[in-house]
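A structural walkthrough
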Amino acid sequence: MTNGLQKELSRRVARDKPDEPSYSEDEMKVRRDHATRIFRKAEERICGSVEHLALFRAGHFAVGSDDYLVGEALESVMASGEVPHYRAKRGNRYVKSKYRGPLGNRSGVEGWNRLFLTSTERIAAVFLLMNENGWNWSSVVALNLPTSVSAGEGSVMHLVKLRKPKRGGRDSYEDRSLDDFGPGSPGRLLSRIMTVTEPARDFAKTAGVPTNRLFVSRTSALREGSNLSEFVRIGVDEGDLVAWKNSGAPSINWRRVRKTVNTRYLRRPNQNTQNTHDSQYALGDPNLHVEMERVIAAGLAKALDHAKATIRAAVDLDGRPDLPSTPTAHCGEGTLKSPFAALGEPCLVSFLLCLACPLAVVTTSHIPFLAYLHECLGALRTSMLTESWNRRWRDSFERLDDLRENYVYEPSWRLALQKVTADERTTAVLLIQGQIAA
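The present account deals with the structure reproduced in this document. Here the structure is a predicted model, which is why all the values come from computation and not from measurement.

1. A closer look at the overall build of the protein chain
- Helix and strand counts for the protein chain stand at 17 helices and 10 strands.
- A burial count over the protein chain gives 46% of its 438 residues as buried.
- For the protein chain, contacts bridging at least 24 residues in sequence account for 64% of all contacts bridging at least 6.
- Summed over all atoms, the accessible surface of the protein chain reaches about 22100 Å², with 52% contributed by carbon and sulfur.

2. Some points on empty space enclosed by the protein
- Scanning the entire structure with this criterion turns up 1 cavity of 30 Å³ or more.
- In this structure, the largest cavity encloses a volume near 40 Å³.
- Along the walls of the largest cavity sit Thr328, Phe351, Leu352, Leu355, Leu370, Leu373, Ser396 and Leu400, which together make up its complete lining.
- The set of elements that each furnish at least two residues to the lining of the largest cavity consists of helix H14 (367–381) and helix H15 (386–406).
- Here the residues of the lining of the largest cavity sort into 6 nonpolar, 2 polar and no charged.

3. Concerning the packing of helix H2 (residues 25–57) against helix H3 (residues 66–80)
- Direction vectors running N to C along H2 and H3 enclose 105°, while the axes themselves pass 9 Å from each other. When the axis of H2 is compared with that of H3, the two are roughly perpendicular. Side by side, H2 and H3 meet where Ser49, His52, Leu53, Phe56 and Arg57 of the first sit next to Asp67, Tyr68, Val70, Gly71, Glu72, Leu74, Glu75 and Met78 of the second.
- Residue composition of the contact of H2 with H3, grouped by class: 6 nonpolar, 3 polar and 4 charged.

4. Details of the sheet that holds strand S9 (residues 330–331)
- Pairing within the open sheet is mixed, and its 3 strands lie in the order S8-S10-S9. Strands with a single pairing partner mark the edges of an open sheet, and in this sheet they are strand S8 (314–315) and S9.
- When S8 meets strand S10 (residues 360–362), the two strands line up parallel, connected through 2 bridges. Across the sheet, alanine 314 pairs through a bridge with valine 361, a residue of S10.

5. Brief notes about the nonpolar core
- Core analysis: the largest hydrophobic core is formed by 39 residues, its most contacted members being Val126 and Phe215.
- Breaking this core down by element, the ones donating at least two residues are H2, helix H6 (119–133), helix H7 (137–141), strand S4 (155–165), helix H8 (188–206) and helix H10 (254–266).
- Contacts of phenylalanine 215, omitting those with residues within four sequence positions, involve Arg122, Ala125, Val126, Leu129, Val140, Val141, Ile193, Arg233, Ile234, Gly235 and Val236.

6. Re the environment of glycine 184
- Along the chain, glycine 184 turns up in the loop between strand S5 (171–180) and H8.
- Given a relative accessible area of 26%, glycine 184 falls into the partly exposed group.
- Put simply, glycine 184 and cysteine 376 are 192 residues apart on the chain and 9.3 Å apart in space, counted from C-alpha to C-alpha.

Rules and cut-offs
Numbering of residues begins from 1 in every chain and follows the order in which that chain's sequence is written. Whole-chain, interface and lining totals are the exception, using all residues; otherwise, since this is a predicted model, local features are given only for residues with pLDDT of at least 70 and side-chain atom pairs are given and counted only at 80 or more. With hydrogens and water stripped out, all remaining heavy atoms of the structure feed into the side-chain values. Numbering goes from the N terminus for both helices and strands, where a helix is a DSSP run of H or I of at least four residues and a strand is a run of E of at least two. The classification of residues rests on relative accessible area computed with a 1.4 Å probe and restricted to protein chains. Under 20% of the type maximum is buried, over 50% is exposed, and intermediate values are partly exposed. Two residues qualify as a contact provided that any one of their heavy atoms is within 4.5 Å of a heavy atom in the partner residue. Note on areas: these come from Shrake-Rupley sampling with a 1.4 Å probe, and a residue is covered only by the protein chains present in the view. Every definition here rests on a 1 Å grid over the protein atoms only: cavities are sets of points where a 1.4 Å probe fits but cannot get out, pockets are open sets enclosed by protein on both sides within 12 Å along at least five of seven lines, and lining residues have some atom within 4 Å of a point. Grid points are joined across faces, edges and corners, and a volume is the space filled by probe spheres set on the points. In the scheme used here, Gly and all other residues not listed as nonpolar or charged are polar, with Ala, Val, Leu, Ile, Met, Phe, Trp, Tyr, Cys and Pro taken as nonpolar and Asp, Glu, Lys and Arg as charged. Think of each axis as a best-fit line through the C-alpha atoms, taken over the contacting stretch in the case of a helix, with angles from 0 to 180 degrees between the N-to-C directions. Put simply, angles under 35 degrees are roughly parallel, angles over 145 are roughly antiparallel, angles from 65 to 115 are roughly perpendicular, and the rest are oblique. Being paired, for any two strands, means DSSP has found at least two bridges between them. Only buried Ala, Val, Leu, Ile, Met, Phe, Trp, Tyr and Cys residues count toward a nonpolar core, and they belong to the same one when joined by side-chain atoms within 4.5 Å.

This is the structure in structure tokens:
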């Protein structure tokens, strides 16, 4: 990383101009789809190469076969940073002839990039992380590997430490947790990025530059006589941004990405205060104003939808009722008097509808689970098509939002998130996956 970039990342970003708009849904989709295609291809290439290298090391390929030669080239990359090559008289590197056919190119790039992210792929990964979490650019590109712990049932909880540069050279840190319990879950993208950058960290260790940074790769700009350590590229820099621009990819304004995610999707403060969120993000966003006008104009027509998305259960945070309980609420009149079933018939609807039941009672014991469920559904919103998410999750999410905004103090809500148990995380996963209902 250059001194110039270090200074840039350490500099406090100027406040957004009041009239700087967020991206529209169509604009975000274009960028999200492009980044997704790029990252998915990289993931397939790197994961396939890692598997190929493992098979080569285990002796699965016949000596001299194309698969064997590819494995030999990958082993060379992990040891030296380059495929077996020779130098022409003018200094150009060329892959040795017997490897050209299996690798498909005379250039060594077709060899080493099988294990490492390229510049455009790193930018795609950064964009996707920001698209899901709404974090600052400077925080994302400086991420270290999270602390990952098992959350049961094959789930993993990533404990992420976000660095945010402050004025005066001080840094502040915030802790976040992202759970990976399957495709579309909050932590799945981070798991995937960790996987595709693992070969680069292994190579960095071999090169004598061990690192726990998330974004690591192999530099493509080498000088004659370069030391092995000079092959290691840690972080994201100006060259990556230039490569993204020169590739013909959609331009990205990182402030607008962050504003879009936090005002349009997450709708809450993120690495800032409520006042900053309101004044510099929400209130200063022309696109959000247009959407608000449309919402107001269509208010009466959506009154019924709003009623469906408002919590109807009783909320008694001081109560300890002696009633049967679901993960989301107590059953106030028992399961045989549910408004969602015929009188005398058991209630078989999803636990997600308990908050819409006027007979249910939410108590303090339910808040950690409900707060965690709110986080999970919010994360799904950034990884699904808007229409699909609205159809499947919007009402449930807005009932949880109603609970958070109107019944539970924000500090209590955040504290509740820290009290979620492994069993509750597992239950949330199964509930979202539709494996449990009532």
